[in-house]
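# Overview (structure and organization)
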Amino acid sequence: MNQELLKKKTISAISELASENGYFAPVDLFMKIDILDKKDYEAWRMGRIPYLEKVCRGNLRKMSLIMKELRSYALKNNFKASITVYKKWGKGNSTDLRFSKSGNKDIERAYSTHYVSPPYKQNNCSPIP
């Protein structure tokens with residue numbers, strides 16, 4: 001898939017997620033555009049996969065482009081960034097999960113950021129009696 005097609009697919013998926021949920025997150029976006037299988041996501045959440053990038057389809061350049069489009073969409077549409085801590089599901093220690101092979105704190109923060117829809121502005125119209 002070329003970059004322009006990937007950008008269009010990414011923006012369309014972000015728009016759908018935002019409309020459906022009132023927010024969007026990288027992991028949800030990756031599943032929506034078939035970069036990540038739900039079963040692989042769940043295995044990662046259970047702690048069976050060391051880092052999420054390991055099971056994402058596509059190279060780091062593709063992932064970087066998707067993340068750039070995600071942040072750009074959020075900025076243009078006034079979505080609020082909210083850092084989310086991803087913890088291991090299941091029994092045992094509730095450890096933090098890793099997204100990237102490197103474990104770089106900036107990359108980890110980017111992957112764990114959810115973008116929340118801005119509140120709708122109410123108009124100043126009075127209801128018709």
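Residues numbered from 1 in each chain as written. Predicted model: local features only at pLDDT ≥ 70, side-chain atom pairs only at ≥ 80, totals over all residues. Heavy atoms only, no water.

This next bit is on the packing of helix α1 (residues 3-21) against helix α4 (residues 60-76). At a closest axis distance of 10 Å, the pairing of α1 and α4 adopts a crossing angle of 45°. The pairing of α1 with α4 is recorded here as oblique in orientation. The two elements α1 and α4 meet at a crossing, and its hand is right-handed. Seen from α1, the contacting residues are Gln 3, Leu 6, Lys 7, Thr 10, Ile 11, Ile 14 and Ser 15; seen from α4, they are Arg 61, Lys 62, Leu 65, Ile 66, Glu 69, Leu 70 and Tyr 73. Here the contact of α1 with α4 is composed, by residue class, of seven nonpolar, three polar and four charged. (Axes fitted to C-alpha atoms, helices over the stretch in contact; angles between N-to-C directions. Helix = DSSP H or I, 4+ residues; strand = E, 2+ residues; numbered from the N terminus. Parallel < 35°, antiparallel > 145°, perpendicular 65-115°, else oblique. Left-handed = near helix turned anticlockwise from the far one by under 90°. Contact = heavy atoms within 4.5 Å. Nonpolar A, V, L, I, M, F, W, Y, C, P; charged D, E, K, R; others polar.)

Our next topic: the sheet that holds strand β2 (residues 80-83). The antiparallel open sheet is built from three strands, whose spatial order is β1-β3-β2. Each edge of the sheet is formed by a strand with only one pairing partner; in this case those strands are β1 (23-24) and β2. Relative to strand β3 (residues 113-116), β2 is paired through four bridges, and the arrangement is antiparallel. If you follow Ala 81 over to β3, its bridge partner there is Tyr 115. (Pairing = 2+ DSSP bridges.)

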